[in-house]
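If you want the building blocks of each chain, they are given just below.
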Amino acid sequence: MNVKGWCPGAWRPMMAEDGLILRIRPPEGRLSSAQAQGLAALARVQGLGRFSLTTRANLQMRGVALAQHEALLDGLHALGLLDADAGREQARNIVVTPFWRRGDGTLALAQALAAALPNLPPLPEKFGFAVDSGARPVLGDVSADIRLERDAAGRLLVRADGAAAGEVVTEAVPALLRLARWFLESDGAPGRRGRMRRHLAAGHVPPEADTVPAEAAAPAVPGRCEGGMLVGFAFGEMEAECLAALAAVAQEIRLTPWRAVFLPGVDTLPEMPGVILNPDDPMWRVYACTGAPHCAQAFAPTRHLAAALAGYLPAGARLHVSGCGKGCAHPAPAEFTLIAGESGFTFNDGRAGLDPAALCSCPVLIFGSE
């Protein structure tokens, strides 16, 4: 099993079995209507009619030919969706709450942080920040190493991932940078690898951490919600035509880490194929990676099996079908997890990514590779 240890970008795509994986990181995780329309048109012109929504609130194209890369970079630059260089793209690893409101300070904080991050010494490639500055945190299940939240009194709080408490701050961005420097200076990233949660688990204690964040909000679900509408997609896959259709009804599209987009100010949608608006739809609770033959790591196809099993899920339960033990599609636990291997699928009631000894102790069902 080959773990890359980094995420693709636009400047630095990742090679997969079916071509390059190119990731688009819109600033603050948002697309204007014009950008969304332009991005959909760019995808269609290049014969890449589908986007994936990632767990870091980015958009991803896969199956990109090497010969297409330069044209895609030119198109992204014209749309204002390309960083100046690969270093700035990698440094700008920020997930922003999609539910911010104009004038609440979130946008200014995210922009100031993005401008300051390139001035830090290099952080590990997957090291990231969550700007979760609403009244109650919503990004607790999202991979991030340093979190900007609020406490119960509404004060801004900088918290290291894995710590129960954080530091109340008045100047948020300097505090975020200070905690990142502490991580580096306390040897959190030997060889430029490392994550905050593991660093704390090894016994390192961040300074000035004595205030707990406000109670987390309920998990976001598809449908109407305060301030707009959350639109989900099965397996996090969005057709280019759907992106263009959403841009026709929304002035802005905000990406989320939950296989969904948030449309501020929208309370109804015309009929659109492929979207999930009902939180009880079992496909909202089904996760599957791209699987074989598109990924060289995968031992079997995944999504046909996942879709076939969706209707049998008990209410509220989640199903994760993974093509290998890495569990890329859903790092968190699920009530039902199927992991493909050389001789079929192993069943467990936890998460993908377990070591072989842990898997062998679980009940095993073999479904046979398709």
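Please read all numbers here as calculations on a predicted model, not as lab measurements.

S.K.: What am I meant to see in the pattern of salt bridges here?
M.R.: If the charged atoms of two oppositely charged side chains come close together, the side chains can form a pair. For the coordinates displayed, the defined rule picks out 17 salt bridges. Across the pair R30 and E28 runs a salt bridge, and its minimum N-O distance is 3.1 Å. Between R155 and D151 there is a salt bridge, with its nearest N and O atoms 2.7 Å apart. On the basis of relative accessibility, which here comes to 42%, the residue R155 falls in the partly exposed class. Overall, D151 belongs to the buried group, its relative accessible area being 4%. Taken together, the salt bridges that share partners define one network made up of E28, R30, R102, E252 and R254.

S.K.: Help me out: how do you make sense of the nonpolar core in this one?
M.R.: Across soluble globular proteins, you tend to see nonpolar side chains buried next to one another. Ranked by size, the top nonpolar core spans 69 residues in total, and within it L39 and V261 carry the most contacts. The biggest single contributor to this core is helix α7 (residues 240–249), with 6 residues. Among the nonpolar cores identified, the runner-up in size contains 35 residues, and I94, L109, A114 and W182 belong to it.

S.K.: Would you mind going over the pairing of strand β15 (residues 260–264) with me for this structure?
M.R.: A regular strand carries its side chains on alternate faces of the sheet. Most of β15 sits out of view: 4 of its 5 residues are buried. Two strands pair when backbone bridges link them, and strand β12 (residues 228–233) and β15 are joined in this way by 5 bridges, in the antiparallel orientation. Bridged to M229 within β15 is L263. Pairing between strand β14 (residues 252–255) and β15: 2 bridges, direction antiparallel. When the bridges of β15 are listed, R254 appears paired with F262.

S.K.: Explain the side chain of D83 to me, please; I cannot follow it from the model alone.
M.R.: Along the chain, the position of D83 falls in the loop between α2 (69–78) and α3 (86–91). Given a relative accessible area of 15%, D83 falls into the buried group. Here the side chain of D83 touches R92 through a polar contact of 2.7 Å, side chain to side chain. Each residue touching D83, except ones within four places of it in the same chain, is listed here: W11, R88, E89 and R92.

S.K.: What exactly am I supposed to notice about the sheet that holds strand β17 (residues 286–288) here?
M.R.: With mixed pairing, 4 strands are arranged side by side in an open sheet as β17-β18-β19-β20. In this open sheet, the two edge strands, each paired with only one partner strand, are β17 and β20 (344–348). Taking each pair of neighbouring strands and ignoring which way they run, the sheet shows an average axis angle of 15°.

S.K.: Quick question: what am I supposed to make of the environment of G223 here?
M.R.: Examined against the element boundaries, G223 turns out to sit in strand β11 (residues 223–225). Accessibility expressed as a relative area gives 8% for G223, which makes it buried. Beyond its immediate sequence surroundings of up to four residues, G223 is in contact with G228, M229, L230 and L277.

S.K.: Looking at this structure, I do not really get the side chain of R30. What am I missing?
M.R.: By the element assignment, R30 lies in strand β3 (residues 30–32). Polar contacts involving the side chain of R30 include one to the side chain of E252, which spans 3.0 Å. Once residues lying within four places of it in the same chain are set aside, the contact partners of R30 are Q35, W100, R102, L107, Q111, E252, I253 and R254.

S.K.: In this structure, what is going on with helix α1 (residues 33–45)? I would like to understand it.
M.R.: Each α-helix winds once per 3.6 residues, and so residues spaced three or four apart point in a common direction. Under the 1.5 Å per step criterion, the end-to-end length of α1 is 18 Å for 13 residues, consistent within 8% with the ideal 18 Å. Listing the buried residues of α1 in full gives S33, Q35, A36, L39, A40, L42 and A43. Where α1 ends, the next residue or the one after it, G47, has phi of about 70°, a positive value.

Quick notes on the rules
- Residues numbered from 1 in each chain as written.
- Predicted model: local features only at pLDDT ≥ 70, side-chain atom pairs only at ≥ 80, totals over all residues.
- Heavy atoms only, no water.
- Salt bridge = Lys/Arg side-chain N within 4 Å of Asp/Glu carboxyl O.
- Buried < 20%, exposed > 50% of the residue type's maximum accessible area, 1.4 Å probe, protein only.
- Core = buried A, V, L, I, M, F, W, Y, C linked by side-chain atoms within 4.5 Å.
- Helix = DSSP H or I, 4+ residues; strand = E, 2+ residues; numbered from the N terminus.
- Pairing = 2+ DSSP bridges.
- Polar contact = N/O pair within 3.5 Å; in protein donor to acceptor, adjacent residues only side chain to side chain.
- Contact = heavy atoms within 4.5 Å.
- Axes fitted to C-alpha atoms, helices over the stretch in contact; angles between N-to-C directions.
- Expected span 1.5 Å × (residues − 1).

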